[in-house]
Amino acid sequence: MKNKIKILVTGCAGFIGYNLCKKILKNDKFVVYGIDNLNNYYDIKLKYKRLSLLKNKNFKFFKFDLKDKKKILSNVKSYKYNYIFHLAAQAGVRYSIENPQKYFDSNITGYFNLLEACKIFKPKLIFLGSSSSVYGDQNSFPIKENSNTDKPMSFYAATKKCDEIMSYSYAQIYKLKIVCLRFFTVYGPYGRPDMTPYSFIKNHYKGKSIKVFNQGKHQRDFTYIDDTVNTLYDLLSSYISRKNVILPYETINIARGKPEKLKVYIKEIEKNLQNNLKKIYVERQPGDVEKTYACIKNIKKKINYKPKINVNLGIKYFVDWYKNYHNKK
Ligand SMILES: NC(=O)c1ccc[n+]([C@@H]2O[C@H](COP(=O)([O-])OP(=O)(O)OC[C@H]3O[C@@H](n4cnc5c(N)ncnc54)[C@H](O)[C@@H]3O)[C@@H](O)[C@H]2O)c1
């Protein structure tokens, strides 16, 4: 472990966290430490499965909740991380309407506790997992990082905006360096069961209908998981090699930069399942935004960024993975 670069990934049993750990562990110069409370927001077996795939001499896992200030403080004190990816959060827009307290606890208190620990044992850089939801409903596309983020449409979005503001103040006052990564609808193998395409395909195999919100008129900048974690890895490498100057505070859109209509996305799933999904068309739900479409000029300036996986291929990879993972024909 000596002389290796120490990376902390919070939310390491989660979808993006797990895939990022896997990517970083391919390079032996890193040692990865993961924190996760393994909550049961969705199927816990999937989280254990992801963790089992991270077994590696350069990976160490800690199970605790970031709400526990003493634990995070003593953990950061013991390991003095060089870089941190903070990906632990209560995710999901719709659930934040039912249970805002969970979002407050994990996304605001949990992140505050991490910042407090980092204020003392300063890492070189913190990457914060933020979200495109901070943009709310925009009417000018593609959405640039300096667009207005004052009108969150859900409490989830409000907690992410709060994280960004806390980051800004800690960067100014305590000289931390923080990059806010605004993710746009990430999908792919080992993805989240509460999100499409997972939730649609699960319903299909149960013989249930899927709810097509906003009559399928939604547009989303769907971003494949490998493109996402490769981008995070390249960003990390560029900061380590000082190809990118580390500013105290930055925000970066992490997206494919190409919106797709939900209807088109559903057609692609049906093509790969060789079956039609049973659909119930419903109105737009509270918290939902109509369209996400990111400007990706900023990330392109920082790294050689070329998203490789379009929706056709991404959905194919996901359906193949789903069938294999769930033993479906
Ligand atoms: N997947 C997406 O499309 C997407 C889009 C925008 C933003 N994000 C953000 O990216 C990050 C990762 O998302 P994901 O899709 O991997 O979600 P995920 O739910 O799969 O992963 C989050 C992980 O954090 C853990 N966690 C939650 N609260 C915790 C706490 N208080 N202490 C310790 N661990 C805790 C959970 O157990 C889970 O394993 C989150 O911040 C999410 O809000 C994701």
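Residues numbered from 1 in each chain as written. Predicted model: local features only at pLDDT ≥ 70, side-chain atom pairs only at ≥ 80, totals over all residues.

Chemist: Looking at this model, I keep getting lost on the packing of helix α1 (residues 15-25) against helix α8 (residues 225-240). Mind explaining?
Modeler: Describing two packed helices takes the angle between their axes plus the distance from one axis to the other. Here α1 crosses α8 at 55°, and the two axes come no closer than 9 Å. Considering the angle they form, α1 stands oblique to α8. The chirality of how α1 crosses α8 is right-handed. Residues Ile16, Asn19, Leu20, Lys23 and Ile24 of α1 form the contact with α8, whose participating residues are Ile225, Thr228, Val229, Asn230, Leu232 and Tyr233. Taken together, the residues of the contact of α1 with α8 sort by class into seven nonpolar, three polar and one charged. (Axes fitted to C-alpha atoms, helices over the stretch in contact; angles between N-to-C directions. Helix = DSSP H or I, 4+ residues; strand = E, 2+ residues; numbered from the N terminus. Parallel < 35°, antiparallel > 145°, perpendicular 65-115°, else oblique. Left-handed = near helix turned anticlockwise from the far one by under 90°. Contact = placed C-beta atoms within 7 Å. Nonpolar A, V, L, I, M, F, W, Y, C, P; charged D, E, K, R; others polar.)

Chemist: What should I look at first to understand the nonpolar core in this one?
Modeler: Note on soluble globular proteins: their nonpolar side chains tend to be buried together. In this structure, Ile7 and Val9 are the most contacted members of the largest nonpolar core, which totals 82 residues. Not counting the four nearest positions on each side in its chain, Ile7 is found in contact with Ile24, Phe30, Val32, Tyr81, Asn82, Tyr83 and Phe85. (Core = buried A, V, L, I, M, F, W, Y, C linked by C-beta atoms within 7 Å. Buried ≥ 20, exposed ≤ 12 C-beta atoms within 10 Å, placed from the backbone.)

Chemist: Just to check I follow, could you spell out the site of the ligand for this structure?
Modeler: If you check the shell around the ligand, you find 28 residues, and the closest are Gly11, Gly14, Phe15, Ala89 and Gly129. Among the secondary structure elements, those contributing two or more residues to the shell around the ligand are α1, β2 (30-36), α5 (100-120) and β5 (125-131). In terms of residues, the shell around the ligand owes the most to one element, α1, which gives three residues. Grouping the constituent residues of the shell around the ligand by class yields 12 nonpolar, 11 polar and five charged. (Near = placed C-beta within 6 Å.)

Chemist: Would you explain the pairing of strand β1 (residues 5-10) in this entry?
Modeler: With six bridges connecting them, β1 and β2 associate as parallel partners. Within β2, the position partnered with Ile7 by the bridge is Val32. Taken together, β1, α1 and β2 form a β-α-β motif whose crossover is right-handed. Here β1 pairs with strand β4 (residues 83-86) via four bridges, running parallel. Looking at β4, one finds that Leu8 is bridged to Ile84. (Pairing = 2+ DSSP bridges. Right-handed = clockwise from strand over helix to strand, strands pointing away.)

Chemist: Help me understand the sheet that holds β2, please; the structure alone is not making it clear to me.
Modeler: Paired through backbone hydrogen bonds, the strands of a sheet run either parallel or antiparallel to each other. Across the sheet, seven strands lie side by side as β3-β2-β1-β4-β5-β6-β11; this open sheet has parallel pairing. Whereas interior strands pair on both sides, the edge strands pair on one side only; in this sheet they are β3 (59-63) and β11 (249-254). Averaged over all pairs of adjacent strands, the angle between their axes in this sheet comes to 20°, without regard to strand direction. With respect to the sheet, helix α6 (residues 155-174) is in contact with β5, β6 (178-183) and β11, its orientation differing from that of β5 by roughly 155°.

Chemist: Is there a simple way to explain the packing of α5 against α6 in this structure?
Modeler: Packing of α5 against α6 leaves a shortest axis separation of 10 Å and a crossing angle of 15°. By the angle class used here, α5 and α6 are roughly parallel. In terms of crossing hand, the pair formed by α5 and α6 is right-handed. Residues Pro100, Tyr103, Phe104, Asn107, Ile108, Tyr111, Phe112, Leu115 and Lys119 of α5 form the contact with α6, whose participating residues are Phe155, Tyr156, Thr159, Lys160, Cys162, Asp163, Met166, Tyr170 and Tyr174. Taken together, the residues of the contact of α5 with α6 break down into 13 nonpolar, two polar and three charged.

Chemist: How do you make sense of the environment of Tyr190 when you look at a structure like this?
Modeler: Along the chain, the position of Tyr190 falls in the loop between β7 (186-187) and α7 (198-205). For Tyr190, a count of 20 C-beta atoms within 10 Å gives the class buried. Once residues lying within four places of it in the same chain are set aside, the contact partners of Tyr190 are Phe15, Tyr18, Asn19 and Arg50.

Chemist: Explain unusual backbone geometry to me, please; I cannot follow it from the model alone.
Modeler: What you tend to see is this: most non-glycine residues have negative phi, and most peptide bonds are trans. A cis amide bond links Phe141 to the next residue, Pro142, at an omega of -10°. With respect to the helices and strands, the residue Pro142 is situated in the loop between β5 and α6. Located in the positive-phi region is Lys80, a residue other than glycine, with phi close to 40°. Note on placement: Lys80 falls in the loop between α3 (69-79) and β4. Not every positive phi belongs to a glycine, and Gln215 is a case in point at roughly 55°. Structurally, Gln215 is set in the loop between β8 (210-212) and β9 (219-220). A residue is classified by how many C-beta atoms lie within 10 Å of it, and Gln215, with 12 of them, is exposed.

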